[in-house]
Amino acid sequence: MLAWLRACATRIAAAFHPRSRDQHEFDRELSSHLDFLTRENLEKGMSPEAAARAARIRLGGVAQLKETNRELHGLPFLETLLQDARYAVRTLLKKPGFAAISILTLALGIGANTAIFSVVYAVVLKPLPYPDSQRLFTIFQQRTQDSSVQGGFSYLDLQDVIAQDTDFSGMTGVSGHELTLTGRGDPFIVRVADVTA
Amino acid sequence: MADERPEILQGTLDLMVLKTLAAIGPQHGYGIARRIEQISADALQINQGTIYASLVRLTQRGWISGEWGTSDNHRKAKFYSITRSGRKRLNAETLNWNRIAGVIGRVLRLEERG
């Protein structure tokens, strides 16, 4: 596990260095290897050209080997990502009209989404500014005949419910309405609520 | 190309490279490949170049380290040697390998009898 982490760290570090040094070194390794193979073939009695050719075959495709070596160093995923990004920018700069429309569409989409989410968050998702707000409930009455919801809760009904042994730690009746505040300055309307004790 | 090979084969070659270096001491890529070929009685005539993927992986994990040097016949080559953590890894993997081979062997023997 530690070794794997070490390998990752090495590759990440390598991703930020110019890889030409590693590649040059690998090129030297490959030619050194080919050298050995060629000598082995020469000792077997092959002609220099045959020896060199056989050596290359025995080693395997040099281009493929270099590619594999390149991929093992650094982070090929990151590099291809950067390459694609650069290509995308170049292409967009060549077609400014298309780029403008795309960007506008994206901006509209993102903007609309953000607006809707902000509203939904404020109205529905945001927790109420009370401690343990998930424990707050609104109680309402529902007709069993047609499941329609009653608009209000009468005070007498509330007393009945409170008298029952429910799981709620407490129940309060709330009745909201508007009043006009007068006195200093212009009168204005305030929202008030009557609550039971 | 290294990604196309099944994981087990990749790990096996790494193990063989590690073992070779532990057995014969510091060696370059050609020497390691040649040695593996010899020991396997040339049954493993792999493209010798595949060994370099192994060498890179083992180096990145700190199990071997490489250094440029001169060979017997005065050629420049990069020599690899096993590290201490490499030896530990080799021991662990050898135990593991023998254990797995034993289990598979038992399973295969079972099938033949039935």
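Look up: the structure comes first, before these words.
This one's a predicted model, so the numbers in the text were calculated from it and none came from an experiment.

What counts, and at which threshold
- Residues numbered from 1 in each chain as written.
- Chains lettered and ligands numbered in written order.
- Predicted model: local features only at pLDDT ≥ 70, side-chain atom pairs only at ≥ 80, totals over all residues.
- Heavy atoms only, no water.
- Helix = DSSP H or I, 4+ residues; strand = E, 2+ residues; numbered from the N terminus.
- Buried < 20%, exposed > 50% of the residue type's maximum accessible area, 1.4 Å probe, protein only.
- Contact = heavy atoms within 4.5 Å.
- Areas by Shrake-Rupley, 256 points an atom, 1.4 Å probe, with all protein chains shown as cover.
- Buried area = accessible area lost by both parts, 1.4 Å probe.
- Salt bridge = Lys/Arg side-chain N within 4 Å of Asp/Glu carboxyl O.
- Polar contact = N/O pair within 3.5 Å; in protein donor to acceptor, adjacent residues only side chain to side chain.
- Nonpolar A, V, L, I, M, F, W, Y, C, P; charged D, E, K, R; others polar.
- Patch = residues over 30% accessible without salt bridge, like charges linked within 9 Å, V, L, I, M, F, W, Y side chains within 5 Å.
- Lys, Arg positive; Asp, Glu negative; His and termini not counted.
- Charge placed at Lys NZ, Arg CZ, Asp CG, Glu CD.
- Axes fitted to C-alpha atoms, helices over the stretch in contact; angles between N-to-C directions.
- Parallel < 35°, antiparallel > 145°, perpendicular 65-115°, else oblique.
- Left-handed = near helix turned anticlockwise from the far one by under 90°.
- Core = buried A, V, L, I, M, F, W, Y, C linked by side-chain atoms within 4.5 Å.
- Pairing = 2+ DSSP bridges.

What is the right way to look at the overall build of chain B in this model?
Broken down by element type, chain B carries four helices and three strands. Traced from its N-terminal end to its C-terminal end, chain B shows the element sequence α-β-α-α-β-β-α. Taken across its 114 residues, chain B has 41% of its residues classed as buried. In chain B, the share of contacts with a sequence separation of at least 24, taken over all contacts with a separation of at least 6, comes to 45%.

Would you take a moment to explain the overall build of chain A for this structure?
The number of helices and strands found in chain A is seven helices and two strands. Its helices and strands in sequence order give chain A the pattern α-α-α-α-α-α-α-β-β, from N to C terminus. Looking at chain A as a whole, 16% of its 197 residues are labelled buried. Intrachain contacts of chain A at a sequence separation of at least 6 include 30% that bridge at least 24 residues. Summed over all atoms, the accessible surface of chain A reaches about 15500 Å², with 62% contributed by carbon and sulfur.

What's the story with the interface of chain A and chain B in this structure? I'm lost.
Quoted interface sizes are often the accessible area lost when the parts come together. Across the contact, 29 residues belong to chain A and 31 residues belong to chain B. Of all residues in chain A, Glu-29, Phe-36 and Arg-58 of chain A bury the most surface against chain B, accounting for 25% of the area lost on that side. The interface formed by chain A and chain B contains four salt bridges. Measuring nitrogen to oxygen at the nearest pair gives 3.5 Å for the salt bridge that ties Glu-25 of chain A to Lys-78 of chain B. One can count 14 residue pairs in polar contact (both at pLDDT 80 or more) joining chain A with chain B. Sorting the residues of the side of chain A that touches chain B by element identifies helix H1 (2-15), helix H2 (20-43), helix H3 (48-59) and helix H4 (62-72) of chain A as the ones contributing at least two each. When residues of the side of chain A that touches chain B are assigned to their parent elements, the largest contribution, 12 residues, is made by H2 of chain A. Taken together, the residues of the side of chain A that touches chain B break down into 11 nonpolar, eight polar and 10 charged.

For this particular structure, what's the right way to read a positive patch on the surface?
There is a patch of like positive charges on the surface, built from Arg-86, Arg-90, Lys-94 and Lys-95 of chain A. Of the residues examined, Lys-94 of chain A reaches a relative accessible area of 68% and is grouped as exposed.

Can you walk me through the packing of H2 of chain A against H3 of chain A in this structure?
Residue and element names in this part refer to chain A. Packing of H2 against H3 leaves a shortest axis separation of 8 Å and a crossing angle of 125 degrees. Comparing the axis directions of H2 and H3 gives the class oblique. Here the hand of the crossing between H2 and H3 comes out right-handed. In this structure, H2 uses Leu-30, His-33, Leu-34, Leu-37, Thr-38, Glu-40, Asn-41 and Leu-42 to contact H3, whose residues at the interface are Pro-48, Ala-51, Ala-52, Ala-54, Ala-55, Arg-56, Arg-58 and Leu-59. Of the residues that constitute the contact of H2 with H3, the class distribution is 10 nonpolar, three polar and three charged.

Just to check I follow, could you spell out the nonpolar core for this structure?
Core analysis: the biggest nonpolar cluster contains 29 residues, and Val-17, Leu-18, Leu-21, Ile-32, Ile-51, Leu-55 and Ile-64 of chain B have the highest contact counts within it. Mapped by element, the contributors of at least two residues to this core are H2 and H3 of chain A together with helix H1 (7-24), helix H2 (29-39), helix H3 (51-60) and strand S3 (76-82) of chain B. Among all residues touching Ile-64 of chain B, those that are not within four sequence positions of it are Leu-18, Leu-21, Leu-55, Leu-58, Thr-59, Tyr-80, Ser-81, Ile-82 and Thr-83 of chain B.

It is not clear to me how the sheet that holds strand S2 (residues 64-70) of chain B should be interpreted in this structure. Could you clarify?
Either a parallel or an antiparallel arrangement is found when strands of a sheet pair, and the pairing is made through backbone hydrogen bonds. Pairing is antiparallel in the open sheet, where three strands are placed in the order S1-S3-S2 (chain B). The sheet is open, and its two edges are formed by strand S1 (27-28) and S2 of chain B, each paired on a single side. Both S2 of chain B and S3 of chain B contribute to a ladder of seven bridges, which runs antiparallel. Paired with Gly-69 of chain B across the two strands is Ala-77 of chain B, which belongs to S3 of chain B. Of the strands in this sheet, S1, S2 and S3 of chain B are in contact with H2 of chain A, which crosses S3 of chain B at around 100 degrees.

Could you clarify how one ought to interpret the pairing of strand S2 (residues 188-195) of chain A in this entry?
Looking down a regular strand, the side chains alternate between one sheet face and the other. Residue and element names in this part refer to chain A. Strand direction decides the pairing type here: strand S1 (residues 174-181) and S2, joined by eight bridges, are antiparallel. Directly across from Glu-178, in S2, lies its bridge partner Arg-191. Counted along the chain from S1 to the antiparallel partner S2, the turn is six residues long, and its residue Gly-183 has a positive phi close to 130 degrees.

Whenever I open this one, the side chain of Gln-27 of chain B confuses me. Can you help?
All names here are of chain B. Turning to its location among the elements, Gln-27 is positioned in strand S1. Polar side-chain contacts of Gln-27 include one of 3.3 Å to the side chain of His-28. Setting aside residues no more than four positions away along its own chain, Gln-27 makes contact with Leu-21, Ile-32, Lys-78, Phe-79 and Tyr-80.

Hey, could you run me through unusual backbone geometry in this one?
Excluding glycine, residues mostly carry a negative phi; peptide bonds, for their part, are mostly trans. Residue and element names in this part refer to chain A. Positive phi values are uncommon outside glycine, yet Asp-132 reaches one of about 55 degrees. Residue Asp-132 is classed as partly exposed on the basis of its relative accessible area, which comes to 44%. Phi angles above zero are rare outside glycine, and Ser-147 is one such case at about 60 degrees.

Fair warning: the whole summary comes from geometry, so function is off the table for now.
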